Amino acid sequence: MRTVVAGAITSSDGRLLLAQRSYPVQVAGLWELPGGKVEPGEELAAALRRELREELEIDVEVGALLAETVELAHDLTLVALWARIVDGVPRAVEHSRLVWVSVDELEDMAASNQLVPADTAWVPELCEVLRQR
Ligand code: DCM
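This report concerns the structure included in the present document.

Calculation rules
- Residues numbered from 1 in each chain as written.
- Predicted model: local features only at pLDDT ≥ 70, side-chain atom pairs only at ≥ 80, totals over all residues.
- Heavy atoms only, no water.
- Helix = DSSP H or I, 4+ residues; strand = E, 2+ residues; numbered from the N terminus.
- Contact = heavy atoms within 4.5 Å.
- Phe/Tyr/Trp six-rings, centres within 6.5 Å; stacked < 30°, edge-to-face > 60°.
- Lys NZ or Arg CZ within 6 Å of the ring centre and 35° of its normal.
- 1 Å grid on protein atoms, 1.4 Å probe; cavity = no way out; pocket = protein on both sides within 12 Å on 5 of 7 lines; lining within 4 Å.
- Points joined across faces, edges and corners; volume = space filled by probe spheres on them.
- Nonpolar A, V, L, I, M, F, W, Y, C, P; charged D, E, K, R; others polar.
- Expected span 1.5 Å × (residues − 1).
- Buried < 20%, exposed > 50% of the residue type's maximum accessible area, 1.4 Å probe, protein only.
- Pairing = 2+ DSSP bridges.
- Arc of directions from axis to C-beta.

## Describing the environment of Val-93
Tracing the sequence through the fold places Val-93 in the loop between strand S7 (76–87) and strand S8 (97–101). Spatially, the C-alpha atoms of Val-93 and Glu-54 are 7.7 Å apart, while their sequence positions differ by 39 residues. In contact with Val-93, other than residues within four places in its own chain, are Glu-54, Glu-55 and Glu-57.

Here it is, written out as structure tokens:
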């Protein structure tokens, strides 16, 4: 059983960073919270910081876990952590594009199925927390 950790990266003006997948074909073009697989023995927060350095060239400060844990196929469990950028400007190293979305934009994208299916589990909590900011 492996864990995938994703980052709910927020900006100081209440936006959320979404990354557009370029592979595999089933999800290419859909938007996700960026992240990746936790290595054996690695802490969740350390794994997220490593993945975001590799994928976006940013350093993040990691916060709490989001409530929902998602069971993916192929023995993968998906979790997300809140994060904020402490260094760097995100660059799409492995993704097609990046976008900072408002709560309304996030809801529109979720409603029109533009998110990776697994990530839709987090939309209510993402919207609730972003609205409070
Ligand atoms: N994944 C996902 N949502 C995310 C990040 C990853 O559903 N926010 C899934 C896609 C893959 C697996 O986790 O099945 C591994 O992701 P990657 O290919 O990015 O390492």
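From this point, things continue past the structure.
## Observations regarding the packing of aromatic side chains
Across all of its chains, the model carries 0 aromatic pairs by this definition. Between Arg-21 and the ring centre of Tyr-23, over which it is positioned, the NZ or CZ distance is 4.7 Å.

## Looking at empty space enclosed by the protein
To locate leftover empty space, one rolls a probe as large as a water molecule over the atoms. Tallying each qualifying case throughout the model produces 1 cavity of 30 Å³ or more. Looking at the largest cavity, its volume works out to about 40 Å³. Forming the walls of the largest cavity are Leu-16, Leu-18, Trp-31, Glu-32, Leu-33, Leu-106, Leu-115, Asp-119, Val-123 and Leu-126. Sorting the residues of the lining of the largest cavity by element identifies strand S2 (16–20), strand S3 (31–32) and helix H3 (123–131) as the ones contributing at least two each. By residue class, the composition of the lining of the largest cavity is 8 nonpolar, no polar and 2 charged.

## Quick look at helix H1 (residues 44–56)
For H1, built from 13 residues, the straight-helix expectation of 18 Å at 1.5 Å per residue is met to within 8% by its first-to-last C-alpha distance of 17 Å. Within the span of H1, buried status applies to Ala-47, Leu-48, Arg-50, Glu-51, Leu-52, Glu-55 and Leu-56. For H1, the secondary structure elements touched by its buried residues are strand S1 (2–10), S2, strand S4 (35–37), strand S5 (59–65), S7 and S8. Immediately beyond the C-terminal end of H1, within one or two residues, lies Glu-57, with a positive phi of roughly 60°.

## A few points about the pairing of S7
In the sheet, S1 pairs with S7 via 9 bridges, with the strands oriented parallel. Across the sheet, Val-5 pairs through a bridge with Val-79, a residue of S7. Taken together, the 3 bridges between strand S6 (residues 70–72) and S7 define a ladder with antiparallel strand orientation. Opposite Val-70, over in S7, you have Leu-78 as the bridge partner.

## Some points on helix H2 (residues 103–111)
Along H2, the positions that sit buried rather than exposed are Val-103, Leu-106, Met-109 and Ala-110. All buried residues of H2 fall inside an arc of 125° around its axis, so they share one side. In H2, the exposed positions angled more than 90 degrees off the buried face are occupied by Asp-108 and Ala-111. Along its buried surface, H2 packs onto S2, S3, S8 and H3. One or two residues past the end of H2 sits Asn-113, with phi positive at roughly 55°.

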